[in-house]
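So the chains spell out like this:
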Amino acid sequence: MLCADETRVLDLVREWRYLLESDDSSDGPFAPYRIHEPGTPGGLIPWGASHSGDRLFWQVTDGAVDAWPVLTMQVDTWEWNRYEMTATELLYRILTEPGVWSPSAAQAVSEPVAQAMPKPFFEPA
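Quick caveat: nothing in here was measured; it's all calculated off a predicted structure. (Residues numbered from 1 in each chain as written. Predicted model: local features only at pLDDT ≥ 70, side-chain atom pairs only at ≥ 80, totals over all residues. Heavy atoms only, no water.)

A. Here's a closer look at helix H2 (residues 87-96). Residues of H2 that are buried: Ala87, Leu90 and Ile94. Taken end-on, H2 shows its buried residues confined to a sector of 60°, consistent with a single buried face. In H2, those exposed residues whose orientation departs by more than 90 degrees from the buried face are Thr88 and Tyr92. (Buried < 20%, exposed > 50% of the residue type's maximum accessible area, 1.4 Å probe, protein only. Helix = DSSP H or I, 4+ residues; strand = E, 2+ residues; numbered from the N terminus. Arc of directions from axis to C-beta.)

Shown next, in the form of structure tokens:
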């Protein structure tokens, strides 16, 4: 989830700055939302991206930080999904429950993501 390129690292601060520069509060790429600008209420804070380019955000609300919902944007459809749970709960459910979230360019997930991953193995040298 936190891997954006071949470096396998997503610099969240750099990504957040880039999104702030490209956001247009009227009808920008994140409409009907906007990217959160520190010192202002509301908006979205990026915290992850999928291999296919889908983006994951916290939605800044008046509530406690640990109650902020998670929003995902699928890049192939520009569809938004809202999850009333913490980021860690969403990640857990993506890994363990079928159909919780399927990234862009993928068929509907019929099994938990963790089951679709290759099983770890060891071959002695």
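B. Geometry of the nonpolar core. Of all hydrophobic cores here, the largest spans 10 residues; its members are Trp47, Leu56, Val70, Tyr83, Met85, Ala87, Leu90, Ile94, Val100 and Trp101. Ranked by the residues each element gives to this core, the list is headed by H2, at 3 residues. Leave out the neighbours within four places in its chain, and Leu90 touches Leu56, Val70, Thr72, Tyr83, Met85 and Val100. Phe57, Leu71, Met73 and Trp80 belong to the second-largest nonpolar core, a separate cluster that totals 8 residues. (Core = buried A, V, L, I, M, F, W, Y, C linked by side-chain atoms within 4.5 Å. Contact = heavy atoms within 4.5 Å.)

C. Spatial organisation of the pairing of strand E3 (residues 70-74). Within E3, 5 of the 5 residues are buried, which leaves the element mostly enclosed by the surrounding structure. Here E3 shows no split at all, with Val70, Thr72 and Gln74 on one side and Leu71 and Met73 on the other all buried. In this antiparallel pair of consecutive strands, E3 and strand E4 (residues 79-83), the connection spans 4 residues, and Trp78 shows a positive phi of 60°. (Pairing = 2+ DSSP bridges.)

Treat this as a map of the structure, not an account of what it does.
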